[in-house]
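The lines below spell out each chain.
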Amino acid sequence: MFLLLDVGNTAVKWRLLEDIEEYRPLRGGVLTFDRLEELKHFSGIPHKWVSSVKPSVNHKLVEILKNPYFVEVEDCKNLIKVEYKTPHTLGIDRLLNAVGGSFYGDTFAVVSFGTATVVDLIIDRTFKGGAIFLGVEKHLECLSKKGEKLPRVDLTDVPPLVGQSTAECILSGVFYSQIFTVRGYLERFKNLFGVDRVIYTGGYAELFKPFLGQGILDRELLFKGLWKVMKDHLE
């Protein structure tokens with residue numbers, strides 16, 4: 001058995017695989033950080049591979065899982081080249097998304113809608129870098145905290161383009177600024193580098209994809225990358 005963990009900024013996702021030959025999860029789930037103890041029943045599994053962008057919980061995972069393996073940038077270099085000025089600061093989630101993207105080709109962009117929205121460029125299986133900006137939830141949180149008269153609202157559906165209340169105006173600004181920014185990056189990637197394949201992932205990907213043209217929606221992208229790295233090391 002094989003356990004894959006994606007430790008993000010807001011939650012921990014897990015997938016359980018029976019064998020290593022192909023990415024076919026038996027089951028999976030999502031845990032908030034106050035429920036990490038529930039991972040204890042996986043502690044006896046010999047292979048536990050972790051992608052973590054939240055170092056503050058890594059020690060707790062070691063206690064619970066006993067001997068998990070935390071994937072680092074160096075572990076991915078057999079599968080993808082990295083052209084990045086500060087590889088020691090590169091989030092492993094971004095690199096694993098790029099490795100997972102190799103299922104679809106060697107040249108593509110990845111757009112991840114999570115705590116942050118990240119747009120990355122991969123050319124000829126080489127990670128070039130990209131851009132990071134506020135994701136939906138953090139954008140809404142920031143506006144309500146810094147603007148005394150701005151209410152805290154939640155994005156649950158596509159808002160009107162022209163808001164007719166303060167709440168609608170906030171939702172319109174947050175929602176469509178994501179679309180226009182991502183669309184701008186993708187247009188520049190295509191014009192400058194000839195990149196026309198795009199892979200969307202992350203919690204809000206399904207909501208935004210219809211507004212961004214053709215592309216591939218893959219919510220399992222990071223796990224596919226993590227599986228590929230594990231398979232490369234164990235075979």
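Right above here is the structure, for reference.
No experiment lies behind these values; they were computed from the predicted model shown.

Draft legend 1. Representation of the overall build of the protein chain in the model. Along the backbone of the protein chain there are six helices and eleven strands. Taken over the C-alpha trace, the protein chain has a radius of gyration of 19 Å; the compact-globule value for 235 residues is 18 Å, and the two agree within 12%. With the C-alpha coordinates aligned to their principal axes, the bounding extent of the protein chain is approximately 55 × 45 × 30 Å. Roughly 12100 Å² of accessible area belongs to the protein chain as shown, and the carbon and sulfur atoms make up 51% of that amount. When the 30 basic and 30 acidic side-chain charges of the protein chain are each reduced to a single mean position, those positions are 3 Å apart.

Draft legend 2. Layout of the packing of helix 2 (residues 92-101) against helix 6 (residues 221-234). In contact at an axis separation of 7 Å, helix 2 and helix 6 are set at 85 degrees when each is read in the N-to-C sense. The angle between the axes of helix 2 and helix 6 places the two elements in the roughly perpendicular class. Along its contact with helix 2, which presents Asp93, Leu96, Asn97, Val99, Gly100 and Gly101, the element helix 6 presents Leu221, Leu222, Lys224, Gly225, Leu226, Lys228 and Val229. Of the residues in the contact of helix 2 with helix 6, the class split is six nonpolar, four polar and three charged.

Draft legend 3. Main features of the sheet that holds strand 1 (residues 2-7). Across the sheet, five strands lie side by side as 3-2-1-4-5; this open sheet has mixed pairing. Only two strands of the sheet have a single partner each, and these edge strands are strand 3 (25-31) and strand 5 (69-70). In the sheet, strand 1 pairs with strand 4 (residues 47-52) via six bridges, with the strands oriented parallel. Directly across from Asp6, in strand 4, lies its bridge partner Ser51. Of the strands in this sheet, strand 1, strand 2 (12-17) and strand 4 touch helix 6, which is tilted by about 135 degrees from strand 1.

Draft legend 4. Region of interest: the pairing of strand 7 (residues 108-113). Of all the six residues making up strand 7, six are buried; the element is thus mostly covered by neighbouring parts of the structure. Of the strand pairs in this sheet, strand 7 and strand 8 (residues 116-123) are connected by six bridges, and their pairing is antiparallel. Of the residues in strand 8, the one forming a bridge with Val111 is Val119. Counting the residues that bridge the hairpin from strand 7 to strand 8 gives two residues.

Draft legend 5. Local environment of the environment of Pro25. Positionally, Pro25 belongs in strand 3. For Pro25, a relative accessible area of 30% gives the class partly exposed. Taking the C-alpha atoms as reference points, Pro25 and Phe108, 83 residues apart in sequence, are found 25 Å from one another. Beyond its immediate chain neighbours, meaning those up to four positions away, Pro25 contacts Arg15, Leu16, Leu17 and Glu220.

Draft legend 6. Region of interest: the environment of Glu168. Mapped onto the secondary structure, Glu168 falls in helix 4 (residues 166-193). Placed 13 residues apart in sequence, Glu168 and Thr181 show a C-alpha to C-alpha distance of 19 Å. If sequence neighbours within four positions are ignored, Glu168 has contacts with Pro160 and Gly163.

About the thresholds
- Residues numbered from 1 in each chain as written.
- Predicted model: local features only at pLDDT ≥ 70, side-chain atom pairs only at ≥ 80, totals over all residues.
- Heavy atoms only, no water.
- Helix = DSSP H or I, 4+ residues; strand = E, 2+ residues; numbered from the N terminus.
- Rg over C-alpha atoms; globule rule 2.2 N^0.38 Å.
- Areas by Shrake-Rupley, 256 points an atom, 1.4 Å probe, with all protein chains shown as cover.
- Lys, Arg positive; Asp, Glu negative; His and termini not counted.
- Charge placed at Lys NZ, Arg CZ, Asp CG, Glu CD.
- Axes fitted to C-alpha atoms, helices over the stretch in contact; angles between N-to-C directions.
- Parallel < 35°, antiparallel > 145°, perpendicular 65-115°, else oblique.
- Contact = heavy atoms within 4.5 Å.
- Nonpolar A, V, L, I, M, F, W, Y, C, P; charged D, E, K, R; others polar.
- Pairing = 2+ DSSP bridges.
- Buried < 20%, exposed > 50% of the residue type's maximum accessible area, 1.4 Å probe, protein only.

Geometric descriptors of this kind do not, in isolation, establish any biological role.
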